[in-house]
Amino acid sequence: MARAIDYGNLMHRAMRGLIQTVLEDVAENGLPGAHHFFITFDTTHPDVAIADWLRARYPAEMTVVIQHWYENLVVTDEGFSITLNFGNQPETLVIPFDAVRTFVDPSVEFGLRFETHSDDDDDDDDGIEGTGDDPTQRAAEVVSLDKFRK
């Protein structure tokens, strides 16, 4: 069988690396100017750690906003943890990059969306981990920010 370049997985890795680099800079230097982020993630991912009441309220996915108040932003190669305020109740969230579905910075009209597609070829996964409990693979897609505008 002929070997093919898996551009979907390569883009997936590159886009996750971009998010990691941006969050590392924010962890070190804070949010510059009007930058802020809307991050939607899969709450069913096995490595997501959130409070039970948040998981009950958001059983499939959750969107967090990193803007005015956040603390303890720690970024690793696997993901990030952050403390956010939910109705005057600080909660720490641990979010692996593989759980991120969208990353949007509306201040500069930038956004990424990660689509989940069924794995067509079962013979190898190129070292990319799936979402944990289903045999899907995420492919990256850059989307227009018009859908996120109010």
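These remarks concern the structure in this document. Values in this document were obtained by computation on a predicted structure and should not be read as measured data.

**A look at the overall build of the protein chain**
- Secondary structure assignment for the protein chain yields two helices and eight strands.
- Surface exposure of the protein chain reaches about 9000 Å², of which carbon and sulfur atoms provide 50%.

**What to know about the side chain of Asn-9**
- Its location among the elements puts Asn-9 in helix 1 (residues 7–29).
- By relative accessible area, which is 3% here, Asn-9 ends up buried.
- Among the polar contacts listed, one links the side chain of Asn-9 to the side chain of Asp-6, at a separation of 2.6 Å.

**Here we look at a nonpolar patch on the surface**
- A cluster of nonpolar side chains, Ile-5, Tyr-7 and Leu-10, forms an exposed patch at the surface whose accessible area comes to about 350 Å².
- Along the chain, the position of Leu-10 falls in helix 1.
- The class for Leu-10 is partly exposed, based on a relative accessible area of 45%.

**Quick word on the packing of aromatic side chains**
- Throughout the structure, instances matching the rule amount to three aromatic pairs.
- Here the aromatic rings of Phe-37 and Phe-103 are separated by 5.0 Å at their centres, their planes lie at 35 degrees, and the arrangement is tilted. Here Phe-37, found in strand 1 (residues 37–42), pairs with Phe-103, found in strand 6 (residues 100–105); they are 66 residues apart in sequence, far enough to count as distant.
- Its relative accessible area of 3% is what places Phe-37 among the buried residues.
- Taking the relative accessible area as the measure of exposure, Phe-103 reaches 2% and is therefore buried.
- Relative to Phe-86, the ring of Trp-53 lies with its centre 6.1 Å away and its plane at 90 degrees, an arrangement referred to as edge-to-face. With Trp-53 in helix 2 (residues 52–57) and Phe-86 in the loop between strand 4 (79–85) and strand 5 (90–96), this residue pair connects regions lying 33 residues apart in the sequence.

Cut-offs applied
- Residues numbered from 1 in each chain as written.
- Predicted model: local features only at pLDDT ≥ 70, side-chain atom pairs only at ≥ 80, totals over all residues.
- Heavy atoms only, no water.
- Helix = DSSP H or I, 4+ residues; strand = E, 2+ residues; numbered from the N terminus.
- Areas by Shrake-Rupley, 256 points an atom, 1.4 Å probe, with all protein chains shown as cover.
- Buried < 20%, exposed > 50% of the residue type's maximum accessible area, 1.4 Å probe, protein only.
- Polar contact = N/O pair within 3.5 Å; in protein donor to acceptor, adjacent residues only side chain to side chain.
- Patch = residues over 30% accessible without salt bridge, like charges linked within 9 Å, V, L, I, M, F, W, Y side chains within 5 Å.
- Salt bridge = Lys/Arg side-chain N within 4 Å of Asp/Glu carboxyl O.
- Phe/Tyr/Trp six-rings, centres within 6.5 Å; stacked < 30°, edge-to-face > 60°.

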